[in-house]
Amino acid sequence: MFRQTKAALQKLRYLSFNGQQHTWRLKSTSAGEKALQYQPGQKVYGFTVREVVMVPDLFLTAVKLTHDRTGAQYLHAARDDSNNLFSVQFRTTPMDSTGVPHILEHTVLCGSQKYPCRDPFFKMLNRSLSTFMNAFTASDYTMYPFSTQNGKDFQNLLSVYLDAVFFPCLREQDFWQEGWRLENENPTDPNSPLVFKGVVFNEMKGAFSDNERLYAQQLQNKLYPDHTYSVVSGGEPLAIPDLTWEQLKHFHATHYHPSNARFFTYGDLPLEQHLKQIEEEALTKFERIDPNTQVPSQPYWTSPREAHMTCSPDALAPDPARQNTLCVSYMLGDITDTFEGFTLSLLSSLMISGPNSPFYKALIEPNIGSDFSSVVGYDGSTKQASFSIGLQGMAEEDTERVKEIINQTINDIIENGFEEERIEGLLHKIEIQMKHQSTNFGLSLASYIASSWNHDGNPVELLQISDSVEKFRQALKENPHFLQDKVRRYFKENTHRLTLSMSPDEAYLEKQAKAEEEKLQRKIQALTDSDRKEIYEKGLELLAAQSKTQDASCLPAVKVSDIEPTIPITPVQISTAGGVPVQFCEQPTNGLVYFRAMCSLNTLPEELRLYVPLFCSVITKMGCGALDYRQQSQQMELRTGGMSVSTQVTADASQLDIYEQGVLLSSSCLERNLPHMFQLWADTFNSPHFDDEERLRVLVMMSAQELANGISYSGHMYAMTRAGRYLTPAGDLQETFGGMEQVTFMKRIAEMSDLSQVIRTLPRIKKHLLNPDSMRCAVNATPQKMSDAAGQLENFLKEVAGNRKERKPVRSNIIERPLDLLNDSGPSRKLISEPNFQPCQMKTFFQMPFPVNFVSETIRTVPFSHEDYASLCILGRMMTAKFLHGEIREKGGAYGGGARMGGGGLFSFYSYRDPNSMQTLSAFRKGVDWAKSGQFTQQDIDEAKLSVFSAVDSPVAPSDKGMGRFLSGITDEMKQSYRERLFAISHKNLVDAAERYLGVGQRTCGVAILGPENETIKKDPSWIVK
């Protein structure tokens, strides 16, 4: 996968749907204490310890080592966290845009000396209990991380990863499949036309169909034009076909060497064991070399530069007449200066974050554009950092005006500085981020230190965040103009700055297609008849290799018997406060309190439903009580870890046509700020502000722009949501709240010249939603703080009691489910039942301005508690790994594809960034035939079970414990019986489930495709074309 931190995008090697969560365990001697026993200078398995540092803020001990013989660098973060992580990264500095590091990242994972089977990476996804497995290519490094909670599994994965990166096969066939190849459009017909194929080739075509991505790439290439940052490390689609297999192997030999490697491990497993395995399985086989991969500093320009580029117009842009982007990017200092980096990243937040920041006031509020440019703020992912500021969704004639505003704002900042309260708010945010326990903390650390360490910065310094905070406070104390001086130096007086503008060109996609066609024809014209014959034969060979059943027995695997038979129980208490049901869950939250409230939508008039997501996104951003929106934002920064409202649609666990609909309020705060957090919520309930039309317009434009930009990343999710729309009542509501229907609705709102009708609608929604009569709450906090939290919650509910009103539900069929299963007469969840719901078949096609498709077919099956639900989960994983991956990705060239069972009783097939459409729908059908024919082994079933269990058992953070039960009513007992059904599944269960639910005659299904113009679909009257 290709990662570009600038636009905060990740290019992952494959698509993963597992939300990662996390467990914490107490040990007699903590991992951190054990690690303190190492001494600088001590020798361990060929490594020498360099420093040992306690980092109390992050509850870890850092041990830094170097490998004596090869010079490989190593950092271990010992922490009482069972979700252990390993990562190895290499400095990869390509000098052309053929995508060599990215294609190499894909190809090393296609088989190695010890594990010569095809694609051990995808096979290990089903032979391990990993909580994360992937690989990323950034502009100047390539990183291979995995995490798991099982010690044996850690050793297995480590063995596969080490062998993959240091001793890969790099077969020519793998290069053709993953990189690029010329092949007959239909590989079995030598007379079909020759075309470009390949996973990375299609992936990058998809990536560059996204204007934000295109812009970020050009900005980086042009700001640092003299070395590796001037090329596209992920691969420019038209340059990819210039890469040869020989060049790929040479790049591996020169870059994937221990002398050019940085190893990172994290968690509670002992360090020696890791060092021993890495030394024995890899490092002993190498001598030190000088990799010569350093990135020189970009020479400093003496005068600013300007550039222009074009992109494809966006059919969903909030304002079709305003689709230009303009941004000014400044080159800053070296990222290995930790404190300077810390200061500049804080300074960046002060300049652009939230409605109180000077650039927000100057650029966003006058409504010149729809939002900041896609690249904005501090970016420390290149050797010298950068800061960018600009606008998207603006008119061409405003170009000069925007440049003037940017200059003027910088002058204003130098003159006026920043309010102390805003600086405190930011430092408070850092304190909360350090205390909040996420489940993928190891992965966050690995990503956080990667860039600086890559250029020989000290990773331990980066972890000592409070030292930087202290130093920062000191610097401000000594020089009140400390920040203004930085602004003068890095922005006003900086001549190394680039102004890049981008405008839409109606013929852009046509020109791209023409350029690709010309490239293809040049390649084809150079071919002799014997070359053509060879291409056809190689195409058949590749197809045969892809179709052959793989022997994966050389790969290590954990066994189903290694999985814990029972789940740990999460104790919760159900009680009431102020007449509202509350769930209390005591957890080691590190002094933070997490509050949630679910507010029902049952009394909301149906015509207002489409407005609910907009209501959610503006309710905490327009001001409340005595606070205007700026003061409200300031108070939220100073007193909370954020306050948000989101839509919530949950299908019932036992019946498909019953569902709960509501909005979820979420916030967190440090214990000392509890009264302040609840006061902010109370003001939001009692007197939210909705009347500022200018403010609302800004929020609407940002929201519409964000939705339009998100489609090229999440196209498969939009396709699945639309495909499920007519299959269940919950599916219908999900499309309304979060599908293409919502995207087009927000575009319509953004196009209104007068928002007064929306302003009249918001208070109507508020009185139905923010009503204590149809609400339930949940609090996660430490045992010491729980009674205090309960008291504060009680006060809050008293304060908002004036909003309590018993209203009549819009739908007559209300089903009550008790919150506490032991007490039927106690508080309950009120669900809606639609017993007369008629599912119907629908096929919808959305024509989009991208060169690839997102395809989905969704089938109505059974709810969570049904005995066949577990079989369908296993079928989804097994069909993906054993059949669909080969058909859709390997043969079809899509970036991803598969099948999954969703919680709402919908079984979905999907593909991601797919060059095909109808061919993929037939692959879905073939997948069902494959499952019905029972051509799978016990080993295949066991692997699918492991894969499902690694998702089911992914760790849960203290802040999220008990949330599944709170939101969907699924108790630990229900989870345990689902678990037992998973263990018990047999070959017969799977064939039966495939026949019963997925067979053509039995099913009710919906189909949706987002993609480029499609002649076949246009001619077929069974499709609805949008």
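Below you will find a few notes about this structure. Since this is a predicted model, take the numbers as computed values, not measurements.

### Description of a negative patch on the surface
So, point 1. Judged by side-chain charge, Asp337, Glu461, Asp467 and Glu470 come together as a negatively charged surface patch.
So, point 2. Along the chain, the position of Glu461 falls in helix H15 (residues 459–463).

### Some points on the environment of Asp942
So, point 1. By the secondary structure assignment, Asp942 is in helix H30 (residues 938–952).
So, point 2. Counting along the chain gives 43 residues from Asp942 to Ile985, while the straight-line C-alpha distance between them is 9.5 Å.

### Things to note about the side chain of Asn709
So, point 1. Mapped onto the secondary structure, Asn709 falls in helix H23 (residues 693–723).
So, point 2. The class for Asn709 is buried, based on a relative accessible area of 15%.
So, point 3. Looking at Asn709, its side chain comes within polar contact range of the side chain of Gln392, at 3.3 Å.
So, point 4. Setting aside residues up to four positions removed in sequence, Asn709 forms contacts with Asp210, Glu212 and Gln392.

### Here's the deal with the packing of helix H2 (residues 100–108) against helix H8 (residues 245–255)
So, point 1. Remark: H2 packs on H8, axes separated minimally by 10 Å, with the N-to-C direction vectors making an angle of 85°. Here H2 is positioned roughly perpendicular relative to H8, judged by the angle of their axes. Contact with H2, carried on its side by Val100, Pro101, Ile103, Leu104, Thr107 and Val108, involves Gln247, Leu248, Phe251 and His252 of H8 and no other residues of that element.
So, point 2. Taken together, the residues of the contact of H2 with H8 break down into 7 nonpolar, 3 polar and no charged.

### Some remarks on helix H10 (residues 338–352)
So, point 1. Between its first and last C-alpha atoms H10 spans 21 Å; for 15 residues at 1.5 Å apiece the expected length is 21 Å, and the two agree.
So, point 2. Counting buried residues along H10, 13 of its 15 residues qualify, which places the element largely inside the surrounding structure.
So, point 3. One or two positions beyond H10, positive phi appears at Gly354, with a value near 80°.

### Let's talk about the nonpolar core
So, point 1. Residues Phe264, Met351, Phe359, Phe491, Phe595, Leu793 and Phe796 are the most contacted members of the largest nonpolar core, which totals 141 residues.
So, point 2. Broken down by element, this core gets its largest block of residues, 8 residues, from H10.
So, point 3. Leave out the neighbours within four places in its chain, and Leu793 touches Ala577, Val582, Phe595, Phe678, Cys777 and Val779.
So, point 4. In this structure, Val108, Leu109, Leu219 and Tyr256 belong to the second largest nonpolar core, which totals 89 residues.

### Quick look at the packing of aromatic side chains
Aromatic rings in a pair are described by how distant their centres are and how their planes are angled relative to each other.
So, point 1. A full pass over the atoms with the stated rule returns 44 aromatic pairs.
So, point 2. Pairing Tyr74 with Phe263 gives two aromatic rings, centres 6.2 Å apart and planes at 20°, and the pair type is stacked. With Tyr74 in strand S4 (residues 73–78) and Phe263 in strand S11 (residues 261–267), this residue pair connects regions lying 189 residues apart in the sequence.
So, point 3. In this structure Phe263 comes out as buried when scored by relative accessible area, which is 0%.
So, point 4. Taken together, a centroid distance of 5.6 Å and an interplanar angle of 90° make the contact between Phe685 and Phe796 edge-to-face. Taken together, the residues span a long stretch of sequence, with Phe685 in helix H22 (residues 674–686) and Phe796 in helix H27 (residues 786–799) at a distance of 111 residues. For the residue pair Phe685 and Phe796, the accessibility class agrees, reading buried in each case.
So, point 5. The ring of Phe208 carries the charged tip of Arg213 above its face, separated from the ring centre by 5.3 Å.

About the cut-offs
Residues numbered from 1 in each chain as written. Predicted model: local features only at pLDDT ≥ 70, side-chain atom pairs only at ≥ 80, totals over all residues. Heavy atoms only, no water. Patch = residues over 30% accessible without salt bridge, like charges linked within 9 Å, V, L, I, M, F, W, Y side chains within 5 Å. Areas by Shrake-Rupley, 256 points an atom, 1.4 Å probe, with all protein chains shown as cover. Salt bridge = Lys/Arg side-chain N within 4 Å of Asp/Glu carboxyl O. Lys, Arg positive; Asp, Glu negative; His and termini not counted. Charge placed at Lys NZ, Arg CZ, Asp CG, Glu CD. Helix = DSSP H or I, 4+ residues; strand = E, 2+ residues; numbered from the N terminus. Buried < 20%, exposed > 50% of the residue type's maximum accessible area, 1.4 Å probe, protein only. Polar contact = N/O pair within 3.5 Å; in protein donor to acceptor, adjacent residues only side chain to side chain. Contact = heavy atoms within 4.5 Å. Axes fitted to C-alpha atoms, helices over the stretch in contact; angles between N-to-C directions. Parallel < 35°, antiparallel > 145°, perpendicular 65-115°, else oblique. Nonpolar A, V, L, I, M, F, W, Y, C, P; charged D, E, K, R; others polar. Expected span 1.5 Å × (residues − 1). Core = buried A, V, L, I, M, F, W, Y, C linked by side-chain atoms within 4.5 Å. Phe/Tyr/Trp six-rings, centres within 6.5 Å; stacked < 30°, edge-to-face > 60°. Lys NZ or Arg CZ within 6 Å of the ring centre and 35° of its normal.

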